[in-house]
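Results of the structural survey
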Protein chains: 2
Amino acid sequence: MARGSSAAGGRDAELDLLRQIRRRVSTGAAVALGIGDDCALLRIKDREQVAVTTDLSIDGRHFRLGWHPPEAVGHRTLARGLSDLAAMGARPLAAFVSLGLPKDLVQREGRRPAWVSRFYDGLLTLAARHKTPLAGGDLAESPAALADIVLVGAVPRGRALLRSAARAGDAIYVTGTLGGSAAGLDILSKLAKKRGGAPAAIRIPKRTSALLHAHLYPEPRLAQGQWLQRRGLASAAIDLSDGLSTDLTHICEESGLAAEVDSSAIPLGPGATLQQALHGGEDYELLFTARPHLSVPGRLAGVPVTRIGRMALARHNTPLVMLLMDGEARPLEPLGWQHFV
Amino acid sequence: MARGSSAAGGRDAELDLLRQIRRRVSTGAAVALGIGDDCALLRIKDREQVAVTTDLSIDGRHFRLGWHPPEAVGHRTLARGLSDLAAMGARPLAAFVSLGLPKDLVQREGRRPAWVSRFYDGLLTLAARHKTPLAGGDLAESPAALADIVLVGAVPRGRALLRSAARAGDAIYVTGTLGGSAAGLDILSKLAKKRGGAPAAIRIPKRTSALLHAHLYPEPRLAQGQWLQRRGLASAAIDLSDGLSTDLTHICEESGLAAEVDSSAIPLGPGATLQQALHGGEDYELLFTARPHLSVPGRLAGVPVTRIGRMALARHNTPLVMLLMDGEARPLEPLGWQHFV
């Protein structure tokens, strides 16, 4: 709201920050025009559709400044968006990030680089691995730290993987292992409590860092999603951001079907319980369905693929998802991530 | 961070809200797949480029919950994004809005609809006028109210209006009038102070509402931008979001030029001072340049167009923008909107 007034220091700090970011941004082949104009301009092939996803991450809700290293916040912010593209079988064209930050996160901490620089370290390292240029964004002062990530991708017309196209009898698969992110978050919260909850990133002991990896640095399954899309192998797909119970419910709702999951088949992540695998969320693995007679490889681009259940016809007054456990079928309620609690 | 726990009421409220929004969203011709999957899918013509812009609006910084009616916050959020497309000469394909809201803004206030419903009223009314479908977004609980708007548009390859393509000698034009938004904000702040700053939207007296209109409901100049792009008439363009002094500086910096503005030629908005017209921002008019021999119409799609100055060669150690006033040339510093103060 501060119109018509100027603080030279403020403007200089902003310009420095923008320049710094601009220098670090590599423009990729798809970016005809990047940061510095009213819009970015992206190249796309003829006969492709544009895939767009946005995800908002807020301090205290999707991450905690006192728990998560800034690099991990940057990585996780981008991973959320890339994972949505993976679930459609799309290839990334460019990312955009809008940051709202309290002033102190833009300033250096003594000899350490500012929080925001370390955030970009994490984000740009993952972006480089997936050849995703950062083509723009916005920056504003905010009482709470937050990042809104936008990913724009491309997919051949009519060939995207949808949530709504599963068929009764289809087998259900997941990539990788589940629950590792929730298990890592559990360790992180215990470390934070031990430390007394002081508002600065906690030191992570070396021996636990491997267990935390799935939570802090999840890997979006872009190669796997694009492989499934090219081969036409998956009938439906979604990424496991909210948790298996909730995300499988989404596929059921959008496809007008029910599902059965075999609990003993679910691949558990390191240190994860079955509950964390069912409801934990943030694993960013792919959940997909395929016709039962199709041969699905046991690994895709180095990541294991596991068959965990099957799609079925929905019946009136019956829960959408059933869990088979100890020879018994019980309802699996969608108890994963909620956007509003 | 609330994984693995469920409050039935919370989930129901969220689902109700998502259902409500989904019902109100009209999918346009460009939206192959809207809200309800991992990504939205947009159709684009062959030989077009994708234009993307994101803008973050935060309570206390870009709007105030206690000052701005929710409908105006929704309108202004979308107008910021549409105006960026207008400045590139792009046509809108779809909008996406990520909302972070404190819980009470999602709940009904007695008999009145929830703040968020009225926000969508304002946003969707403007969206319908510009045939821009809302194709997705995100929703999360947040300590501060905020909205990140994403606009995706299309423009013929290599034909977008850029900030960087002005040439020395080009004439400088603006659409509409300037400073009206800042003048309206001034009235709004006085009304709020009189009322004692209670944290609820102030009542706006009928006699002042016309003066507030430019601030609360600015009109993005899409038709004008697309007309200039189709005719190839403008050499460079930008939208006036930060203020004439700052936005003209952007054109100078990106084009490697200087500029002179004739203060007496600047068309003032209702109730606006010259200072508000120079630095106020948020008018969302277009600022563009054109070769001096070209004949630019005095009106574009019903909106006046005014010649206010000319581009010149930049000289070492000389201010980029000069203001001609009372027969004297003085430096015009970029004193408009700052993202960080």
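Use the structure listed above.
Now for a look at the structure at hand.

Parameters at a glance
- Residues numbered from 1 in each chain as written.
- Chains lettered and ligands numbered in written order.
- Predicted model: local features only at pLDDT ≥ 70, side-chain atom pairs only at ≥ 80, totals over all residues.
- Heavy atoms only, no water.
- Contact = heavy atoms within 4.5 Å.
- Salt bridge = Lys/Arg side-chain N within 4 Å of Asp/Glu carboxyl O.
- Polar contact = N/O pair within 3.5 Å; in protein donor to acceptor, adjacent residues only side chain to side chain.
- Helix = DSSP H or I, 4+ residues; strand = E, 2+ residues; numbered from the N terminus.
- Least-squares fit on C-alpha atoms with pLDDT ≥ 70 in both.
- Phe/Tyr/Trp six-rings, centres within 6.5 Å; stacked < 30°, edge-to-face > 60°.
- Buried < 20%, exposed > 50% of the residue type's maximum accessible area, 1.4 Å probe, protein only.
- Lys NZ or Arg CZ within 6 Å of the ring centre and 35° of its normal.
- Expected span 1.5 Å × (residues − 1).
- Pairing = 2+ DSSP bridges.
- Axes fitted to C-alpha atoms, helices over the stretch in contact; angles between N-to-C directions.

**As for the interface of chain B and chain A**
Taken together, the contacts link 88 residues of chain B with 88 residues of chain A. Scanning the region where chain B abuts chain A turns up 6 salt bridges. A salt bridge links Arg-157 of chain B to Asp-46 of chain A; its shortest N-O distance comes to 3.0 Å. The tally of links between chain B and chain A comes to 20 residue pairs in polar contact (both at pLDDT 80 or more). Counting residues per element, the side of chain B that touches chain A draws most heavily on strand β3 (residues 48-58) of chain B, at 10 residues.

**Some words on the relation of the copies chain B and chain A**
Mapping chain B onto chain A leaves a residual RMSD of 0.0 Å; the transformation is a rotation of 180° accompanied by 0.0 Å of translation along its axis. As the rotation angle and translation indicate, the two copies are arranged about a two-fold axis. For chain B, the minimum C-alpha distance to the rotation axis belongs to Asp-46 of chain B and amounts to 2.5 Å. When the interface residues of chain B are mapped onto chain A, 100% of them are again interface residues, pointing to one common binding face.

**A short note on the packing of aromatic side chains**
How two aromatic rings sit relative to each other is set out by the distance from centre to centre and by the angle between their planes. The tally for this structure, following the rule as stated, stands at 6 aromatic pairs over all chains. Both rings, one in Trp-115 of chain B and one in Phe-119 of chain B, keep their centres 5.5 Å apart while their planes meet at 25°; by these two values the pair is stacked. Of this pair, Trp-115 of chain B and Phe-119 of chain B both sit in helix α3 (residues 115-129), 4 residues apart, roughly one helical turn. In this structure, Trp-115 of chain B and Phe-119 of chain B share a single accessibility class: buried. Aromatic ring contacts, followed pair by pair, group Trp-115, Phe-119 and Tyr-120 of chain A into a single cluster. Between Arg-64 of chain A and the ring centre of Trp-67 of chain A, over which it is positioned, the NZ or CZ distance is 4.5 Å.

**Comments concerning helix α7 (residues 244-255) of chain A**
All names here are of chain A. Between the first and last C-alpha of α7 there are 16 Å, a value that for 12 residues agrees with the 16 Å anticipated at 1.5 Å per step. Summarising burial for α7: 10 of the 12 residues are buried, a large majority. Of all the residues in α7, the buried ones are Leu-244, Ser-245, Thr-246, Asp-247, Leu-248, Thr-249, His-250, Ile-251, Cys-252 and Ser-255. Once α7 ends, the next one or two residues include Gly-256, with phi positive near 65°.

**Considering the pattern of salt bridges**
Inspection of the entire model under this criterion finds 24 salt bridges over all chains. Arg-163 of chain B is the partner of Asp-38 of chain A in a salt bridge, and the nearest nitrogen-oxygen pair spans 3.2 Å. With Asp-38 of chain A in the loop between β1 (31-33) and β2 (40-42) and Arg-163 of chain B in the loop between β6 (146-156) and β7 (171-175), this residue pair bridges two chains. Each member of the pair, Asp-38 of chain A as well as Arg-163 of chain B, carries the same accessibility label: buried. Within the structure, one salt-bridge network assembled from shared partners comprises Asp-37 and Asp-38 of chain A together with Arg-163 of chain B.

**Brief notes about the sheet that holds β1 of chain A**
If you walk across this open sheet you meet the 6 strands as β1(A)-β2(A)-β3(B)-β6(B)-β4(B)-β5(B), and the pairing is mixed. Unpaired on one side and paired on the other, β1 of chain A together with β5 (134-141) of chain B mark the two borders of the sheet. Averaged over all adjacent pairs, the angle separating strand axes in this sheet is 25°, with direction ignored. Examined bridge by bridge, β1 of chain A and β2 of chain A share 2 bridges and lie antiparallel to one another. The residue of β2 of chain A that forms the bridge with Leu-33 of chain A is Leu-41 of chain A. Together, β1 and β2 of chain A together with β3, β4 (91-101) and β6 of chain B form the strand contacts of helix α2 (residues 70-88) of chain B, whose direction differs from that of β6 of chain B by roughly 25°.

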